[in-house]
Amino acid sequence: MSDREVWAAVSAGNRPPAGSIPAGFSRRTLLAGGAATLGGLALFLAGCGSGGGATGPGAPAAPSALPGGTPRRGGTFTVGVQSAGDAENLYPGTATYNPDMLRSFSLFSFLFYPGPRVTPLTPGLALSADRNENATVWTFTLRPGVTWHDGKPFTAADVAYNFTTLWADPTSNYSAAFLAGLVDTAKVKVIDATTLEVPLLTPVAQFPTLLTYFNFGVVQEGATLESIASNPIGTGPFRFESFTPGRQSVFVRNENYWEEGKPYVDKLVIDSSFTDTTALTNALIGGQINILPSVDLIAARQQVATRQFQVLQSEFFAQQAMFAMRVDEGPFADVRVRQAFRLLCDRQALIDGALAGFGTPNSDVLGPGAQYYASDLVRTPDVEKAKSLLAEAGAAGATFTLQTTPLGAAFQQAATLFAEQAREAGVDVQLEVTDAATYFTPAGGVYEKPFRQNLFQPLTGLTGEMRGFLTKDAPYKDTHWGEQRGGEAALALIDQAVAEVDDTKAADLWRQVQQQQFDEGGYLIWADMPYVDAAANNVRGLTATAGLNFNNWRLCDGWLE
Amino acid sequence: MSAPTEIGPAPGAPVAPATPPRVRRPVVDFLVRRIALGVLTLVAGSILIFLATNALPGNVAQVVLGRDATPERLAALESSLGLDRPLVERYVSWLVGALHGDLGRSAVAMAQSAPETSVSVLIAGPLLNSSVLALIAAVLLIPLSLAVGVFAAVRAGRPSDHVLSYVTLAFGALPEFVLGTLLIVVFSSWLGLLPPVSLLGPSETPLSRPVGLVLPVLTLLGVAVAFSSRQVRAGMIRALRSEHVKTARLNGLAERRIRYRYGLRTSLATSVQSFAQSIQYLFGGIIVVEALFTYPGIGTALINAVLRRDVTQVQGIALLLAAAYIVINILADLVVLLVVPKLRTGAR
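> I'd like a rundown of the overall build of chain B, residues and numbers included.
Looking only at helices and strands, one finds 14 helices and 0 strands in chain B. Written out in order from the N terminus, the α and β elements of chain B read α-α-α-α-α-α-α-α-α-α-α-α-α-α. Sorting the 348 residues of chain B into buried and exposed places 35% on the buried side. Taking the intrachain contacts of chain B between residues at least 6 apart in sequence as the baseline, contacts between residues at least 24 apart amount to 72%.

> Summarise the overall build of chain A; cite the residues concerned and give the values.
A tally of helices and strands in chain A yields 17 helices and 20 strands. Here chain A holds 561 residues, and 50% of them are scored as buried. Contacts spanning at least 24 positions in sequence make up 72% of the contacts within chain A whose residues lie at least 6 apart.

> Before we move on, could you go through the sheet that holds strand β7 (residues 195-199) of chain A and cite the residues and values that matter?
Residue and element names in this part refer to chain A. Pairing is antiparallel across the open sheet formed by 4 strands, whose spatial order is β4-β5-β7-β6. Strand pairing shows two members of the sheet lacking a second neighbour, β4 (126-131) and β6 (189-192), which therefore form its edges. If you compare each strand with its neighbour and ignore which way they point, the axes differ by 25° on average. Pairing between β6 and β7: 3 bridges, direction antiparallel.

> Just give me the short version of the interface of chain A and chain B, but keep the residues and values in it.
In this complex, chain A contributes 45 residues to the contact, which on the side of chain B involves 46 residues. Where the side of chain A that touches chain B is concerned, the elements lending two or more residues are α2 (27-50), α6 (225-230), β10 (267-274), α7 (277-286) and α13 (436-439) of chain A. Counted by class, the side of chain A that touches chain B contains 20 nonpolar, 20 polar and 5 charged residues.

> Lay out the packing of helix α7 (residues 159-173) of chain B against helix α9 (residues 211-240) of chain B with the relevant residues and their values.
All names here are of chain B. Between α7 and α9, the least distance of the axes is 8 Å, while the angle of their chain directions is 130°. When the axis of α7 is compared with that of α9, the two are oblique. When the axes of α7 and α9 are compared, the crossing they make is left-handed. For the pair α7 and α9, contact is made by T168, F171 and G172 and by G222, V223, A226, F227, S229 and R230, respectively.

> Lay out the domain arrangement of chain A with the relevant residues and their values.
Residue and element names in this part refer to chain A. In terms of domains, chain A is made up of domain 1 (109-229) and domain 2 (319-529). Between domain 1 and domain 2, the residue contacts involve 19 residues of the former and 19 residues of the latter. If you list the elements that add at least two residues to the side of domain 1 that touches domain 2, you get β3 (118-123) and α5 (176-179). Tallied by class, residues from the side of domain 1 that touches domain 2 come to 12 nonpolar, 6 polar and 1 charged.

> So what's going on with the nonpolar core? Which residues, and what values?
L344(A), L355(A), A414(A), L524(A), W526(A) and I317(B) are the most contacted members of the largest nonpolar core, which totals 225 residues. Top contributing element to this core by residue count: helix α11 (residues 255-293) of chain B, with 13 residues. In this view, A414(A) contacts A321(A), L350(A), A354(A) and A409(A); residues no more than four positions away in its chain are not counted.

> Tell me about the confidence of the model for chain A, and name the residues and values.
Residue and element names in this part refer to chain A. Looking at chain A, the pLDDT average stands at 87 and 89% of residues meet or exceed 70. At the low end of the mean pLDDT range in chain A sits α2, at 39; at the high end sits strand β5 (residues 137-142), at 97. Counting contacts from residues 13-60, a segment whose pLDDT is below 50, to residues more than four positions away or on other chains yields 43 contacts.

> Now, about the sheet that holds strand β16 (residues 451-456) of chain A: what can you tell me, with residues and values included?
Residues and elements named next belong to chain A. As summarised here, the arrangement of the 3 strands in space is β16-β13-β17, forming an open sheet in which the pairing is antiparallel. Two strands close off the open sheet at either side, each with one partner strand: β16 and β17 (523-529). This sheet shows a mean twist of 15° between the axes of neighbouring strands, independent of strand direction. Alignment of strand β13 (residues 319-325) against β16, held across 6 bridges, turns out to be antiparallel. Paired with A321 across the strands is L455, a residue of β16.

> Explain the domain arrangement of chain B to me, using residue names and the numbers behind them.
Residue and element names in this part refer to chain B. For chain B, the domain assignment lists domain 1 (26-117 + 312-348) and domain 2 (125-307). Each of domain 1 and domain 2 was reduced to a C-alpha centroid, and the two centroids are 28 Å apart. The interface is formed by 14 residues belonging to domain 1 together with 14 residues belonging to domain 2.

> How would you sum up helix α12 (residues 409-424) of chain A? Please name residues and give values.
Given 3.6 residues per turn, any residue in an α-helix points the same way as the ones three and four places further on. All names here are of chain A. Here α12 spans 21 Å end to end across 16 residues, near enough to the 22 Å set by a 1.5 Å rise per residue. Along α12, the sharpest kink reaches roughly 30°, centred on A415. Within α12 the residues assigned to the buried category are A409, A410, F411, A414, A415, F418 and A422.

> Account for the packing of helix α6 (residues 119-154) of chain B against α11(B), naming residues and giving values.
Residues and elements named next belong to chain B. Direction vectors running N to C along α6 and α11 enclose 145°, while the axes themselves pass 9 Å from each other. Our pair here, α6 against α11, has a crossing hand that is right-handed. In contact with S130, L133, A134, A137, A138, L141, I142, V150 and V154 of α6, α11 contributes R259, L264, F275, S278, I279, L282 and I286. Within the contact of α6 with α11, the residues separate by chemical class into 13 nonpolar, 2 polar and 1 charged.

> I'd like a rundown of the environment of T205(B), residues and numbers included.
For T205(B), the position within the fold is in the loop between α8 (176-190) and α9. The spatial distance from the C-alpha of T205(B) to the C-alpha of P126(B) is 9.7 Å, given a sequence separation of 79 residues.

> Could you give me a rundown of unusual backbone geometry, with the residues and numbers involved?
All names here are of chain A. For the bond from T119 to P120, the omega torsion is 0°, close enough to zero to count as cis. Note the cis peptide between K262 and P263, where omega equals -5°. Here P263 shows up in the loop between β9 (248-253) and β10. Backbone geometry at A356 places phi at a positive 50°, although glycine is not the residue there. Take A356: it is sitting in the loop between α10 (347-354) and α11 (383-392).

> Tell me about the pairing of β5(A), residues and numbers included.
All names here are of chain A. One ladder, built from 5 bridges, connects β4 with β5; its direction is antiparallel. Of the residues in β5, the one forming a bridge with D130 is T139. As paired elements, β5 and β7 share 5 bridges and run antiparallel to each other. In the strand pairing of β7, F140 is matched with L196.

> Lay out the environment of L182(A) in plain terms, naming residues and giving numbers.
All names here are of chain A. Following the sequence through the fold, L182 ends up in the loop between α5 and β6. Placed 359 residues apart in sequence, L182 and G541 show a C-alpha to C-alpha distance of 39 Å. Ignoring any residue separated from it by four or fewer positions in sequence, one finds L182 in contact with L200, L201, T202 and V204.

> Summarise the environment of T312(B); cite the residues concerned and give the values.
Residue and element names in this part refer to chain B. Note on placement: T312 falls in helix α13 (residues 311-339). Assessed through the 27 C-beta atoms surrounding it within 10 Å, T312 is described here as buried. Placed 173 residues apart in sequence, T312 and V139 show a C-alpha to C-alpha distance of 32 Å. Residues in contact with T312, not counting those within four places in the same chain, are L103, G104, R105, S106, A107 and V119.

> How would you summarise helix α4 (residues 87-99) of chain B if you had to cite specific residues and measurements?
Taking 1.5 Å per residue as the helical rise, α4(B) with its 13 residues ought to reach 18 Å, and the 19 Å between its terminal C-alpha atoms agrees with that figure. Just beyond α4(B), the residue with positive phi is G101(B), at close to 85°.

Conventions and cut-offs
Residues numbered from 1 in each chain as written. Chains lettered and ligands numbered in written order. Predicted model: local features only at pLDDT ≥ 70, side-chain atom pairs only at ≥ 80, totals over all residues. Helix = DSSP H or I, 4+ residues; strand = E, 2+ residues; numbered from the N terminus. Buried ≥ 20, exposed ≤ 12 C-beta atoms within 10 Å, placed from the backbone. Contact = placed C-beta atoms within 7 Å. Pairing = 2+ DSSP bridges. Axes fitted to C-alpha atoms, helices over the stretch in contact; angles between N-to-C directions. Nonpolar A, V, L, I, M, F, W, Y, C, P; charged D, E, K, R; others polar. Parallel < 35°, antiparallel > 145°, perpendicular 65-115°, else oblique. Left-handed = near helix turned anticlockwise from the far one by under 90°. Domains from an automatic or database assignment. Core = buried A, V, L, I, M, F, W, Y, C linked by C-beta atoms within 7 Å. pLDDT = per-residue confidence, 0-100. Expected span 1.5 Å × (residues − 1). Bend = angle between axes of the 7 residues up to and from the residue.

Structure (structure tokens):
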């Protein structure tokens, strides 16, 4: 039938002839059908996401060690980590992101390492450190029989070089501030091949604890940033083979490693091309990687039921997640406001909501596991007291801005939950989101904005915690402690504690310092977190402790079944 | 003596119709004009890229040094990276270098004293990887879209056409990361047939591990084929309903010949335009797909460069992508010009 004939029929009021007009598929059907599809799809994907595992508190914690047995030599560990792009480098002094830290610990060694419960420290290249009467001269006894990857013997001269040149220079070591003003570099003395004398300009009773920080890997005498960028020579369990920043590094076993028989695997491949945490988890399940440090916490909870990979959790919780309030100026300069916020925070709820239950509440005290840590100071939430304190301070109806960033569960998720808690208590907290790349830079207002967040690994000693966060020239001065009125006395107290060598007196001084922080400090430390790592089902021998992922990155302990 | 007779056309001979002046060499003219315009567009684009990159909060020195940036260190690093020079001077020197194939030096690599700092060298590998991915997707896109589009057009109005219409609408509406995640769930988690990530070592080429290409290509194709096949179908239906097709049918020509010679061939111009659009759309899709599958291409490189505020690398990659976009545009229009004689002859 021609179009004209069809039209004639229709306009005459008759039904259009059968088959001349497509039937049944009106626009309405299409839109309804499309919506139904997308709705179904959404439900389907949500179902896939929750995957049937136990979630929330009460689910069993993961073990802290993988199954053991007789180690087998051979095979390759392929580690998946989030990319840091071209910023990745091999020099321990300029390591800032996770792939760098893993590479530093694989190629190089440290004088001391954090112990399984932070203290006492584990010996590394140094077997012990002895001090004189007043802790102004430290003598290090070094491990004998250690060789560098190029065959040269490791001696005290190498360590002296690190102290006097690389660790003292802020342009070649990002953590030089920890040792700044402490070491008398001109008088560092090599006594013999395994003994080094390090005089200090001011007494520091816990000096060795400062040397566990991840930027203090020991490099060979004469090494420079350029030489390490092209040919890194270390004493670590793995030797350098190749490195493409932002993509991958390949290391091979160091046959002359100072721990007999280790590492067991032939090769260590660190793949840092990932930009997505879901892709990392998928790659572990799919077998493209077999080691995944700092696994996504929700995936870790779910695998309890699905058993697609193994999860490790350190028994001792030493990473600290905190909110930081400036004590010198801004809305939190009044101590009552700070106390109020610390009282209204329901820490367990934050842990359950943001960390999938992986953590334990902290009471705003820095340094769990450190010597003289005041574990008896306990914060009990009290919303009514918080409200009355705010009213007293005249801040009852004020708006507070919390600056956060999408850097993982301990940041934006926790900030969102905390803002909700505050709102329920009648306190107005607004979130200001800054992107992850600039959050910890001056452009992102680091150390400027009055209310921010942080997540920190254990600094192994209260001295380190103070020198990191609270002393006058501390590099991570979130709270500007010491700059408030009367702050000089507080700083003087810290200096006293750092220098005190008598055990009883030191215990008392450190107690005073921590009590002051507990009463008046600017940190709201809401959780102590464990290290949670994952490995494929055929990996054995690895452990998780308080000292960084996989027990100070000791992949040399592991093997493949 | 008679008046001179004008020499006119012989009686009965055909009279040449009056036509407008013909363009002598239409293809060359077109190319010259479009390439000149393309260069101007690229220059304008480069200015925008440069301004946008340098407007990002935080400069590369701050980001690289991170929490450990002291004012002295920042100043020293900024000076060695040339960040203290005026904006116009930096732009001009960059552009001049780019015209010679030198895309500058990666700011982050320089700050890290890395052995290789030239942007051109750093992105050569990822560029190759992305090109392989894009090329495979583009090459498969055309026959697949044509097949699906023609199939649907020929069965227009029948149930199979409706089903196909519905399916292509759903696929075309899905963002790449949704489709990609769905494919990972089905082919990786459930069936265990394909890897969920496409990791490649720095010295490996994508073709050395082809199984890692399957899911990324399927994801890219899913959306692009859905869109293009609908265009092919619409164009072909329109062509099949035209008068000259009816005439051909009435004259008894075989249906198959009518479909391809008259239906498809006539609608090719719009189809080519839609293919070009889809291929250009692939560029945006590639960034998401590469991140989802951890495919080491130019998209991942761009993401990392932006996160680290590596201005020279961001500029270099963005400029390359813009140039590719423009080239594809020109090529698509050239193909249309060749396929549609009317455009060349200027006939009405």
